Amino acid sequence: MSRPVIADGVDKEYIKVEIQKKLKRGLGVSLQDATKEEIYKAVGMTIRDIVMERWADAHERLWERGAKIVYYLSAEFLMGRALVNNMINLHLAGEYREALAELGLSLDDIEEQEEDPGLGNGGLGRLAACFLDSLSTLNLPATGCCIRYEHGLFRQRIEDGEQREDDDNWLEDGNLWEIERPDETVEVRYGGHIDEVWTESGLRIEHSGYTSVSAVPYDMPVVGYESAMPSTLRMWSARAQTEIDMDSFNRGDYVAAASASALVESISQVLYPEDNHEQGRLLRLKQFYFFASASMQYIVNKHKEHYGDLRTLPDHYTVQINDTHPTLAIPELIRILIDDEEMQWDEAFEIVGRMFNYTNHTIMREALERWNEDMLKTLLPRVYRIITEIDRKFRDMVWAKWPGDIARLNEMAIIGNGEIRMANLCIAVVGHVNGVSQLHGEIIRTRTFRDFYILYPDKFLGITNGITHRRWLAKANEGLTALISSRIGEGFLRDWREMERVKELVQDDGFLDGFAEVKRANKDRLAAHLRRTQGVEINVDSAFDVQAKRLHEYKRQLLKAMHILHLYHEIKDARAQGRAPEIVPATFIFAAKAAPGYYMAKEIIRFILSLADLVNNDEGTREIIKVVFIENYSVSEAEKLIPATDISEQLSTAGLEASGTGNMKFMLNGAATIGTLDGANIEMAQAVGDGNIFIFGADAYGIERMERDSSYYARGVYEGDARVRRVIDSFTDGTLPVRNGRQFNDLANSLLDGAGGRADRYFLLHDFASYADVYARMMALYGGARPSLEWIRLAAANTAAAGCFFSDRTIEEYNSLIWHLQEVGPDE
């Protein structure tokens, strides 16, 4: 590992002077007259100067040394705010706090002026962001590529007991951290016609009648901890080549004059536009090709500029596809090498195969990305021809391996049933295919892609996901960071292996006292935040029980809501019988966004909000349990929520969650996990020990067996378990307060009858009894209003065991097994 790089000469006096210079020279205002937004910009610009200088120096060394770079292609990067994170990674957070305090300013208040970048949605994007941080920390050259979504995903608003979606205009005041690179703009083409033309030099492809879109890059540096090699996040923005049709404008048809430009620029407007209609699906396809094509053109252009010979591309670039959204980069690079650079097919295909690798995130085969063949053929005619040739050659290979096995051939083919299967395309070409936990790696080998594994046994591997502890500990939980640093030093911020030393402290009563004080302070902070932002009062003398993740049926937020409804009934029964309820006080916190067109997910949010109305307004229950829904969950909200959490709910149906990373963040911050043996939960249980995690429900093999044998009968569980029956009946019997008379019949029907006869597809009723029993055992250990010493020790053991789930370890494995990058550290 290269030596750490510290910002020399930057002390609090220097910082104070620089901030005031930025205010006067950059913004034309004095400190006394500056607004909060202007102060944020001035402080940010002082940090930005340091980062930009380090970034420029790093790229100079990079090209001088001819180092290999990983290009990490992902539809989303959920970055979070940059200001304080950059301070921490530059080792300047303390100096800035002191300097700002002496100027009469609060760093916390200043940070609140920064918008969360609208570049991601859930775990996929957060993983990509963590990877850029870790790559930089390890001084490994990296560029992430995505779209510069001008309006993000959406801002979630809760109104009349339901989710509403508003525009997330995160760029309204600009983005302090980005640099526009108009000189590196490239052209992306859609539609048109393809002709083969013989010339003196051979067969040439001519593309005519196409629509051109300009892809304009914006670069943002991502600096790792004490790093000499900041990563780059390259965001592509779509622009019309002609912004306004002057003929239409001069005729007075102003709408028509601007409409073409608006249609083009919609490509980079919104992350994951709704795809339950053809125009939405077409826009998504345009988006994915847009950033794939632009990124491949950029790689080729850079290589020609610095190295010349394109046959050496694999020596200098490796490309990691994060899920299948960027898959079109594969045929696009083949197109560039053949059509623009006049390579032969075999040579181009071999180069691309050596450069590309694919990370799978999807276990359910029906959820794997597919595109309508006719749509792709019309929109991308040349790319379509290349895909058909890959498919033809791949079919020949499969037929040679299994002659006469038409069913297997049809299942493995890249094109079939009028669809183009992006995962199959990836596996047929790339060098490596990895799952994101050990269980996931096993499932894709033995179930999801079993036949591909037989064909390519050396391609498949499992690399467990990780999180960056600089953001999720040093930034999110300053108190716990300070406590750990006071005992083992700060080395763990740079070397994940150092966290092993925390295990020695789990039996130290003094450390545990400090650990409990930090948790209490974080709960106080969250309570104050929710009071200020949502007008919600929560009891800090209760267990904070949290389920925070993207809303999907398989993640089973509904199971948790059903359990709360069960506790509600138990409390009411105890009150009616004159007994004191034997239930530990708990605040149940949900945070989730549902995709705008995902009806069942939005119904689950409506159910949770209705449950909150019931529980929180009932005099018999509200002093014991409370339900809170955090509106518009984001990275910044997570940084306040996760450190305050006592119980982490990881309830996905076993075998369906590829890994999870939220589970790791909660674990690191001293939350106990209650969860299934799914994804990385399995490895977390191995790391922390069975006594420090609470596992319930069927495992992946049990689920698979029930599905294979059709042996699960949900209605039988309903009829045989009075607790389940009472909860499900409450969906429709008026127990839950609803608006407009809409009960929850669709949710109840999905559990008891189901579409196509598949009742309770995600096994909520099956796992309910196990969950309720394990939850009761867990809360007995928690204690009462304040957690027991045994619970605090358990929580500290989770923090101590979290080091192996840091993304620095994950990146070391990717680099060792797949990328083979060399460090580009500082000049000695």
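The notes below deal with the structure included here.

Cut-offs used in this document
Residues numbered from 1 in each chain as written. Predicted model: local features only at pLDDT ≥ 70, side-chain atom pairs only at ≥ 80, totals over all residues. Heavy atoms only, no water. Helix = DSSP H or I, 4+ residues; strand = E, 2+ residues; numbered from the N terminus. Rg over C-alpha atoms; globule rule 2.2 N^0.38 Å. Buried < 20%, exposed > 50% of the residue type's maximum accessible area, 1.4 Å probe, protein only. Contact = heavy atoms within 4.5 Å. Areas by Shrake-Rupley, 256 points an atom, 1.4 Å probe, with all protein chains shown as cover. Lys, Arg positive; Asp, Glu negative; His and termini not counted. Charge placed at Lys NZ, Arg CZ, Asp CG, Glu CD. Pairing = 2+ DSSP bridges. Axes fitted to C-alpha atoms, helices over the stretch in contact; angles between N-to-C directions. Phe/Tyr/Trp six-rings, centres within 6.5 Å; stacked < 30°, edge-to-face > 60°. Salt bridge = Lys/Arg side-chain N within 4 Å of Asp/Glu carboxyl O. Disulfide = S-S within 2.5 Å. Core = buried A, V, L, I, M, F, W, Y, C linked by side-chain atoms within 4.5 Å. Parallel < 35°, antiparallel > 145°, perpendicular 65-115°, else oblique. Left-handed = near helix turned anticlockwise from the far one by under 90°. Nonpolar A, V, L, I, M, F, W, Y, C, P; charged D, E, K, R; others polar. 1 Å grid on protein atoms, 1.4 Å probe; cavity = no way out; pocket = protein on both sides within 12 Å on 5 of 7 lines; lining within 4 Å. Points joined across faces, edges and corners; volume = space filled by probe spheres on them.

### With respect to the overall build of the protein chain
Argument step 1. Helix and strand counts for the protein chain come out as 33 helices and 23 strands.
Argument step 2. In terms of overall dimensions, the protein chain is globule-like: its C-alpha atoms have a radius of gyration of 27 Å, near the 28 Å expected for 828 residues.
Argument step 3. With respect to the three principal axes, the spread of C-alpha positions in the protein chain is 95 × 75 × 65 Å.
Argument step 4. Counting across all 828 residues of the protein chain, residues that qualify as buried make up 60%.
Argument step 5. The contacts in the protein chain between residues at least 6 apart in sequence include a share of 77% that link residues at least 24 apart.
Argument step 6. Total accessible area on the protein chain stands at roughly 31,200 Å², and carbon and sulfur atoms take up 46% of it.
Argument step 7. Here the protein chain holds 93 positive side-chain charges and 130 negative ones, and the gap between their average locations is 2 Å.

### Side note on the sheet that holds strand S22 (residues 672-675)
Argument step 1. In space, the six strands of this open sheet follow the order S20-S19-S18-S21-S22-S23, with parallel pairing throughout. Strand pairing shows two members of the sheet lacking a second neighbour, strand S20 (625-630) and strand S23 (694-695), which therefore form its edges.
Argument step 2. In terms of strand pairing, strand S18 (residues 543-548) meets strand S21 (residues 647-650) through two bridges, oriented parallel. By the bridge assignment, Val546 is partnered in S21 with Ser648.

### Thoughts on the sheet that holds strand S13 (residues 370-372)
Argument step 1. Ordered in space as S13-S15-S14, the three strands form an open sheet in which the pairing is antiparallel. A single partner strand is all that each edge strand has here, and the edge strands are S13 and strand S14 (415-416).
Argument step 2. Helix-sheet contacts for helix H16 (residues 422-429) involve S13 and strand S15 (419-421), and the interaxial angle to S15 is about 45 degrees.

### Observations concerning the packing of aromatic side chains
Argument step 1. Tallied over the full model, the rule gives 22 aromatic pairs.
Argument step 2. Between Tyr453 and Phe460, the aromatic rings sit 5.8 Å apart at their centres with planes inclined by 90 degrees, giving edge-to-face as the arrangement.
Argument step 3. Note on Phe694 and Trp791: the rings are 6.2 Å apart at their centroids and 10 degrees apart in plane angle, and the pair reads as stacked. Here Phe694 is found in strand S23, whereas its partner Trp791 is found in helix H32 (residues 789-800), with 97 residues between them in sequence.
Argument step 4. In this structure an aromatic cluster arises from ring pairing among Tyr72, Phe77, Phe131, Tyr814 and Trp819.

### With respect to helix H20 (residues 478-488)
Argument step 1. For H20, the complete set of buried residues consists of Leu480, Thr481, Leu483, Ile484, Ser485 and Ile488.
Argument step 2. Tucked inside the fold, the buried residues of H20 contact helix H19 (469-475), helix H21 (509-534), helix H25 (662-668) and H32.
Argument step 3. Downstream of H20 by a residue or two, Gly489 has a phi angle that is positive, lying close to 85 degrees.

### Remarks on the side chain of Lys665
Argument step 1. Tracing the backbone shows Lys665 in helix H25.
Argument step 2. Despite its burial, Lys665 remains without a salt bridge, the nearest opposite charge being carried by Glu639 at 9.4 Å.
Argument step 3. Sequence-distant contacts of Lys665, defined by excluding residues within four places in its chain, comprise Arg126, Ile467, Trp472 and Ile642.

### Observations regarding the state of the cysteines
Argument step 1. The tally for this structure, following the rule as stated, stands at zero disulfides.
Argument step 2. Summary of cysteine pairing: Cys426 is not part of a disulfide, and the nearest cysteine sulfur, belonging to Cys145, is at 16 Å.
Argument step 3. Take Cys426: its relative accessible area is 0%, and that puts it in the buried class.
Argument step 4. No disulfide involves Cys804; its sulfur sits 15 Å from the nearest other cysteine sulfur, which is in Cys130.

### Description of unusual backbone geometry
Comment: phi is negative for the bulk of residues other than glycine, and the bulk of peptide bonds are trans.
Argument step 1. Its identity as a non-glycine residue notwithstanding, Asp323 has a phi of 70 degrees, on the positive side.
Argument step 2. Mapped onto the fold, Asp323 is located in the loop between strand S11 (317-322) and helix H11 (329-340).
Argument step 3. A positive phi angle is found at Ser710, which is not glycine, with a value near 50 degrees.
Argument step 4. Looking at the secondary structure, you find Ser710 in the loop between helix H27 (700-709) and helix H28 (714-720).
Argument step 5. Owing to a relative accessible area of 63%, Ser710 belongs among the exposed residues under this scheme.

### Quick notes on the pattern of salt bridges
Argument step 1. Taken as a whole and assessed by the stated rule, the structure comprises 76 salt bridges.
Argument step 2. Put simply, Arg487 and Asp508 hold a salt bridge, and the shortest N to O gap is 2.8 Å. One end of the pair, Arg487, is in helix H20; the other, Asp508, is in the loop between H20 and H21, with 21 residues separating them in the sequence.
Argument step 3. Arg723 is the partner of Asp721 in a salt bridge, and the nearest nitrogen-oxygen pair spans 3.6 Å.
Argument step 4. Three or more residues joined by partner-sharing salt bridges are found here, namely Arg181, Glu184, Asp219, Arg234, Lys302 and Glu305.

### As for the nonpolar core
The tendency in soluble globular proteins is for nonpolar side chains to be buried as a group.
Argument step 1. Counting 218 residues, the largest nonpolar core has Leu233, Phe290, Leu328 and Phe356 as the members making the most contacts within it.
Argument step 2. When residues in this core are grouped by element, the largest group, twelve residues, is from helix H9 (residues 278-306).
Argument step 3. Once residues within four sequence positions are removed from consideration, Leu328 is found in contact with Leu285, Tyr289, Ala292, Leu376, Leu380, Val383, Ile387 and Met422.
Argument step 4. Met364, Leu551, Leu614 and Tyr718 belong to the second largest nonpolar core, which has 77 residues in total.

### Describing the environment of Met706
Argument step 1. In this fold, Met706 is placed in helix H27.
Argument step 2. Here Met706 falls in the buried class, since its relative accessible area comes to 13%.
Argument step 3. Remark: the alpha-carbon pair of Met706 and Phe763, spanning 57 residues in sequence, is separated by 9.9 Å.
Argument step 4. When residues no more than four places from it in sequence are discounted, the contact partners of Met706 are Ala698, Ser711, Tyr712, Phe763 and His766.

### Side note on the packing of helix H22 (residues 557-576) against helix H31 (residues 764-782)
Argument step 1. H31 packs onto H22 with a crossing angle of 55 degrees between their chain directions and a minimal axis gap of 10 Å. Considering the angle they form, H22 stands oblique to H31. H22 and H31 meet at a crossing whose hand is right-handed. Here Leu558, Leu559, Lys560, Met562, His563, His566 and Leu567 of H22 lie close against H31, whose contacting residues are Leu764, Leu765, Phe768, Tyr771, Ala772 and Tyr775.
Argument step 2. Residues belonging to the contact of H22 with H31 are distributed by class as follows: ten nonpolar, two polar and one charged.

### Thoughts on empty space enclosed by the protein
It is the rolling of a water-molecule-sized probe over the atoms that shows where space remains empty.
Argument step 1. Inspection of the entire model under this criterion finds three cavities of 30 Å³ or more.
Argument step 2. The space that makes up the largest cavity amounts to roughly 90 Å³.
Argument step 3. Taken together, 13 residues form the lining of the largest cavity, with Asp160, Gly161, Arg606, Val738 and Arg739 sitting closest to its centre.
Argument step 4. Counting residues per element, the lining of the largest cavity draws most heavily on helix H23 (residues 599-616), at four residues.
Argument step 5. Looking at side-chain class alone, the lining of the largest cavity contains four nonpolar, three polar and six charged residues.
Argument step 6. One number sums up the size of the second largest cavity: a volume of about 50 Å³.
Argument step 7. Lining the second largest cavity are Lys549, Lys555, Gln650, Leu651, Ser652, Glu657, Ser659, Gly660, Asn663, Asp678 and Asn681.
Argument step 8. Among the residues forming the lining of the second largest cavity, the class breakdown is one nonpolar, six polar and four charged.

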